[in-house]
Amino acid sequence: MITTLLFDLGGTLHSVIRKEDSMVRYAERLIRRLSDYGIVLDTTPERLAVSLHENAEAYKHLSERTLTELPEAKIWNEHYLREFHIGEERLAPIAEELSFQYDYDRLTMMRKPRLRETIEELHRMGIRMGIVSNIISTSLVPHMLNEYGIAQYMECIVMSSETGIRKPDPKIFAIALAVCAVIALILGVNLGNVSGKLKKSVKEATELQETVPQKEEEIKTITAEKEEAVAAVVAE
C-alpha cells in the first residue's frame with residue numbers, strides 16, 4: 001500500500017513556459033541588480049539572455065553527467081556568468097537571490113489544475129507527502145509551495161541545492177526516505193529522459209532504507225534532525 005508520495009516541482013506541481021521576451025527582460029533586470037552590488041556587465045540584455053541560456057544548458061548537461069549540484073556562487077561564477085570572471089567572493093552575497101530569480105522571474109510557472117484540492121484530498125486520505133527536486137535555488141521550492149497554499153502538507157523538502165546530489169543518484173532518494181521515514185512512490189520524473197536510471201535509483205534507495213527508523217518516536221526524532229540524517233546518508 002502506498003503511504004507516501006514524493007513529488008518533483010517543475011512538470012509535476014506546475015508547468016513551465018519559456019518565452020524569449022521574458023528571458024530578455026530578466027537579463028535586463030539581472031544587469032541592473034548586479035550593478036547594485038558594483039558588478040558591471042559589459043553586455044546587452046539580448047546578448048546576456050543568449051549566453052545565460054547556453055551556459056545554463058552546458059551546466060545542466062554537466063550536472064546530469066556527474067549527478068552533482070555545485071554551490072550557487074560557483075555555478076554563477078564558473079558557469080552562468082563565466083565570461084565575466086566576477087569571482088565567487090563577489091557573487092556569494094547575492095547568489096541565492098540570483099538563483100531564485102533565475103527561475104521565478106525568467107520563467108512563467110502555471111500551477112496544475114486543481115493542485116491544492118488534489119493535495120488536500122491526498123492528505124485527507126492519510127498520504128504523507130514531500131518534495132525531491134533538482135534545483136539551484138534553496139528558497140524557490142518553499143516559496144512556490146507557500147504560493148500554492150500546500151506547504152503545510154509537505155513533510156520534507158529535499159533539494160539538490162542543499163544536498164549537492166542530483167536525481168537520479170539514489171542517495172538523494174535515500175535522504176528523502178530518511179527524512180520522511182517511509183518507502184516512497186516517486187512521481188514527476190520522465191523515465192524516458194533517464195534511460196532506466198530512475199528505476200535503478202529507486203531500488204537502490206529502498207535498499208538504503210536501513211537508516212530509516214520504524215518507531216513513531218524515532219520518526220519524530222529524525223524529522224527534527226534532518227541535517228544529521230542527510231549527513232549520515234551522504235557519508236555512506
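Participant: What am I meant to see in the packing of aromatic side chains here?
Facilitator: A ring pair, where both rings are aromatic, is described by two values, the distance of the centres and the angle of the planes. Tallied over the full model, the rule gives 6 aromatic pairs. On the numbers, 5.9 Å between centres and 85° between planes, the contact of Trp76 with Tyr102 is edge-to-face. Within this pair, whereas Trp76 is found in helix α3 (residues 72-80), its partner Tyr102 is found in helix α5 (residues 95-104), the two being separated by 26 residues in sequence. Of the residues examined, Trp76 reaches a relative accessible area of 0% and is grouped as buried. Residue Tyr102 is classed as buried on the basis of its relative accessible area of 6%. Put simply, the rings of Tyr26, Tyr59, Trp76, Tyr80 and Tyr102 pair up and form one aromatic cluster. Sitting over the face of the ring of Tyr102, Arg106 holds its NZ or CZ atom 3.7 Å from the ring centroid.

Participant: How should I be thinking about the side chain of Asp169 in this particular structure?
Facilitator: Mapped onto the elements of the fold, Asp169 is located in the loop between α8 (160-163) and α9 (170-180). Here Asp169 occupies a buried position and makes no salt bridge, while the nearest side chain of opposite charge, Lys171, is found at 6.2 Å. A distance of 2.8 Å separates a polar atom in the side chain of Asp169 from the backbone nitrogen of Lys171.

Participant: What's the story with the confidence of the model for the protein chain in this structure? I'm lost.
Facilitator: Close inspection of predicted coordinates is inappropriate in any region flagged by low pLDDT. With 76% of its residues at a pLDDT of 70 or more, the protein chain shows a mean pLDDT of 82. Averaged pLDDT values for the elements of the protein chain fall to 42 in helix α11 (residues 216-224) and rise to 98 in α3. Counting interchain partners and residues more than four positions distant, the pLDDT-below-50 stretch residues 182-195 has 32 contacts. Within the model, pLDDT remains below 50 along residues 209-236, and this stretch shows 38 contacts once partners closer than five positions in the same chain are excluded.

Participant: Can you walk me through helix α7 (residues 140-147) in this structure?
Facilitator: Given 3.6 residues to a turn, an α-helix orients residues that are three or four positions apart in the same direction. Inspection of α7 places Leu140, Val141, Met144 and Leu145 among the buried residues, and these make up the whole buried set. The buried residues of α7 occupy an angular sector of 130° when the element is viewed end-on, so they sit on one face. The inward-facing, buried residues of α7 contact β2 (14-17), α5, β3 (108-111), β4 (128-133) and β5 (154-159). Immediately downstream of α7, the backbone of Gly149 shows phi near 75°, a positive value.

Participant: Explain the environment of Arg90 to me, please; I cannot follow it from the model alone.
Facilitator: Take Arg90: it is sitting in helix α4 (residues 88-91). We classify Arg90 as partly exposed; its relative accessible area is 38%. Once the C-alpha coordinates of Arg90 and Gly38 are considered, the two residues, 52 residues apart in sequence, prove to be 9.1 Å apart. When neighbours within four sequence positions are excluded, Arg90 is seen to be in contact with Gly38 and Ile39. Within the structure, the side chain of Arg90 is placed 2.9 Å from the backbone oxygen of Gly38, a separation counted as a polar contact.

Participant: Before we go on, may I ask you to explain the pattern of salt bridges in this structure?
Facilitator: Pairing between side chains of opposite charge can happen when their charged atoms approach one another. What the rule picks out here adds up to 12 salt bridges. Across the pair Glu97 and Arg33 runs a salt bridge whose closest N-O atoms are separated by 2.5 Å. Of this pair, Glu97 sits in helix α5 while Arg33 sits in helix α1 (residues 20-36), and the two are 64 residues apart along the sequence. A residue is classified by how much of its surface remains accessible, and Arg33, at 26% relative accessible area, is partly exposed. In this structure, a network of salt bridges that share partners links the residues Arg33, Asp36 and Glu97.

Participant: Would you take a moment to explain the pairing of β5 for this structure?
Facilitator: Side chains on a regular strand alternate between the two faces of the sheet. Burial runs high along β5: 5 of the 6 residues are buried. As paired elements, β4 and β5 share 5 bridges and run parallel to each other. Looking across to β5, one finds that Val132 is bridged to Val158. The β-α-β motif built from β4, the intervening α7 and the parallel element β5 has right-handed crossover chirality.

Thresholds, definitions, all that
- Residues numbered from 1 in each chain as written.
- Predicted model: local features only at pLDDT ≥ 70, side-chain atom pairs only at ≥ 80, totals over all residues.
- Heavy atoms only, no water.
- Phe/Tyr/Trp six-rings, centres within 6.5 Å; stacked < 30°, edge-to-face > 60°.
- Helix = DSSP H or I, 4+ residues; strand = E, 2+ residues; numbered from the N terminus.
- Buried < 20%, exposed > 50% of the residue type's maximum accessible area, 1.4 Å probe, protein only.
- Lys NZ or Arg CZ within 6 Å of the ring centre and 35° of its normal.
- Lys, Arg positive; Asp, Glu negative; His and termini not counted.
- Salt bridge = Lys/Arg side-chain N within 4 Å of Asp/Glu carboxyl O.
- Polar contact = N/O pair within 3.5 Å; in protein donor to acceptor, adjacent residues only side chain to side chain.
- pLDDT = per-residue confidence, 0-100.
- Contact = heavy atoms within 4.5 Å.
- Arc of directions from axis to C-beta.
- Pairing = 2+ DSSP bridges.
- Right-handed = clockwise from strand over helix to strand, strands pointing away.

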